[in-house]
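A closer look at the structure
These are the residues of each chain, in order.
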Amino acid sequence: MKIYFHLNLDGFSNCYVITNEITMEAIIIDPGKITKEILQQLEGGPFNLTAVLVTHNHTSHVRGLTTLKKIYTPKVYAADYDIAGSEETILKGDGIIQIAGMHVGYLAVPGHTADSLAYKIGRTLFTGDALTTGIIGSTTSNYARQTLISNLQSKILSQQDDILLMPGHGPPVSIAAERKFNPAFNSVEKKSIL
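Since this is a predicted model, take the numbers as computed values, not measurements. (Residues numbered from 1 in each chain as written. Predicted model: local features only at pLDDT ≥ 70, side-chain atom pairs only at ≥ 80, totals over all residues. Heavy atoms only, no water.)

**Focus: the overall build of the chain**
This is how it is decided: Runs of E in the DSSP output that reach at least two residues are strands. Runs of H or I that reach at least four are helices, and both are numbered from the N terminus. The globule rule used here is 2.2 Å times the number of residues to the 0.38 power, and the radius of gyration it is set against is calculated over C-alpha atoms. In this scheme, a residue with accessible area under 20% of its type's maximum is buried, one over 50% is exposed, and one in between is partly exposed, where area comes from a 1.4 Å probe on protein chains only.
In terms of helices and strands, the chain carries seven helices and 13 strands. Relative to the 2.2 N^0.38 estimate, which gives 16 Å for 194 residues, the radius of gyration of the chain is 16 Å and therefore close to what a compact globule would have. Referenced to the eigenvectors of the C-alpha coordinate spread, the extents of the chain come out at roughly 55 × 30 × 30 Å. Counting over 194 residues, the chain shows a buried share of 51%.

**Some details on the pattern of salt bridges**
Counted only if it meets this: Salt bridges are defined as contacts in which a side-chain nitrogen from Lys or Arg sits within 4 Å of a carboxyl oxygen from Asp or Glu.
Taken as a whole, this structure holds three salt bridges when the rule is applied. Between Lys155 and Asp94 there is a salt bridge whose closest N-O contact spans 3.1 Å. Of this pair, Lys155 sits in helix H5 (residues 142–156) while Asp94 sits in the loop between helix H4 (81–84) and strand S6 (95–99), and the two are 61 residues apart along the sequence. Asp162 serves as the salt-bridge partner of Arg123, at 2.5 Å between the closest nitrogen and oxygen. With a gap of 39 residues between them, Arg123 in the loop between strand S8 (117–121) and strand S9 (124–128) and Asp162 in the loop between H5 and strand S12 (164–167) connect regions that are remote in the sequence. Given a relative accessible area of 41%, Arg123 falls into the partly exposed group.

**Remarks on the environment of Leu39**
As a reminder, the rule being used: Working rule for contacts: check all heavy atoms of both residues, and any pair within 4.5 Å makes them a contact.
Examined against the element boundaries, Leu39 turns out to sit in helix H1 (residues 36–44). With a relative accessible area of 24%, Leu39 lands in the partly exposed category. For the pair Leu39 and Tyr81, spaced 42 residues apart in sequence, the C-alpha to C-alpha distance is 26 Å. For Leu39, the contacting residues outside a window of four places in its chain are Ile34, Ile71 and Tyr72.

**Digging into H5**
Residues three or four positions apart in an α-helix share a direction because the helix packs 3.6 residues into each turn. Heads up, the condition is: Take the number of residues in a helix, subtract one, and multiply by 1.5 Å to get its expected span. Here the arc refers to the directions that run from the helix axis out to each C-beta atom.
An ideal rise of 1.5 Å per residue puts 21 Å on 15 residues; H5 measures up with 20 Å between its terminal C-alpha atoms. Among all positions of H5, only Ala144, Leu148, Ile149, Asn151, Leu152, Lys155 and Ile156 are buried. End-on, the buried residues of H5 take up no more than an arc of 165°, which puts them together on one face. Away from the buried face of H5 by more than 90 degrees, exposed residues Asn142 and Tyr143 are located.

**With respect to the sheet that holds strand S4 (residues 48–53)**
Two strands in a sheet stick together by hydrogen bonds in their backbones, pointing the same way (parallel) or opposite ways (antiparallel). Our working rule: At least two bridges found by DSSP between two strands is the condition for calling them paired. Angles run from 0 to 180 degrees between N-to-C directions of axes, and those axes are lines fitted to C-alpha atoms, restricted for helices to the stretch in contact.
The strand order across the open sheet built from five strands is S1-S2-S3-S4-S5, with neighbouring strands paired in mixed fashion. Single-partner strands in this sheet number two, and they are strand S1 (2–8) and strand S5 (75–77). The average undirected angle you get between the axes of adjacent strands in this sheet is 20°.

**Quick word on H1**
Buried residues of H1: Ile38, Gln41 and Leu42, and no others. The arc that holds the buried residues of H1, viewed along the axis, is 95°, so those residues lie on one side. More than 90 degrees from the buried face of H1, the exposed residues found are Lys36 and Gly44. Each element contacted by the buried residues of H1 is listed here: S1, strand S2 (13–20), strand S3 (25–29) and S4.

**Examining the packing of aromatic side chains**
For any pair of aromatic rings, the description consists of the separation of the ring centres together with the inter-plane angle of the planes. Rules: Each Phe, Tyr or Trp ring, with Trp reduced to its six-membered ring, pairs with another whose centre is within 6.5 Å; inter-plane angles below 30 degrees give stacked pairs, above 60 give edge-to-face pairs, and intermediate values give tilted ones.
Summed over the entire model, instances satisfying the criterion amount to two aromatic pairs. With a centroid separation of 6.1 Å and an interplanar angle of 55°, the aromatic rings of Phe5 and Tyr16 are classed as tilted. Of this pair, Phe5 sits in strand S1 while Tyr16 is found in strand S2, placing the two residues eleven residues apart along the sequence. Its relative accessible area of 46% is what places Phe5 among the partly exposed residues. Members of the aromatic cluster, connected to one another through ring pairs, are Phe5, Tyr16 and Phe126.

**Points about the confidence of the model for the chain**
Counted only if it meets this: The quantity known as pLDDT measures the predictor's confidence residue by residue, on a range of 0 to 100.
With 94% of its residues at a pLDDT of 70 or more, the chain shows a mean pLDDT of 90. Contacts from residues 188–194, a stretch scored under 50 in pLDDT, to residues over four places away or in other chains number two contacts.

Structure, rendered in structure tokens:
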């Protein structure tokens, strides 16, 4: 498995292309914008784009989906019916699916949006906007914020320290660094001690 990073300058969002060199298949996570470089990467393999995984329904993470569907026939996985397009590709709760010869875990982490998902492939977690290096996703209420923090603590921060987080915006980070330095989790721990 190889992971390729692409930055969408329109929304400063991250798009990831994950390839399996054995099966010659690829997955794209959060196709904010499909660039010439992404297409060359797929065609240069050549890799068969078998799936698109969407972490949440925000334009800067799904805008390129229309372009991909015009060129390829990937199965789209999301927690939002408007994106996925059919019951078969709607992901609810937590689970594991087999895509492109890889086990892909999915974790529901609502709070930033109701449809927020994180995907785990190997020792890498793709968190979308739910968790970005040093901050958590924006929320619309205190309830949503507490829901997001609770989901992140139980499903993301409970992972092993050396798991790599690939966020929807910004640079990658480890679970250990987030646990230690993210003020959203430090303030929760301090409040619970008092």
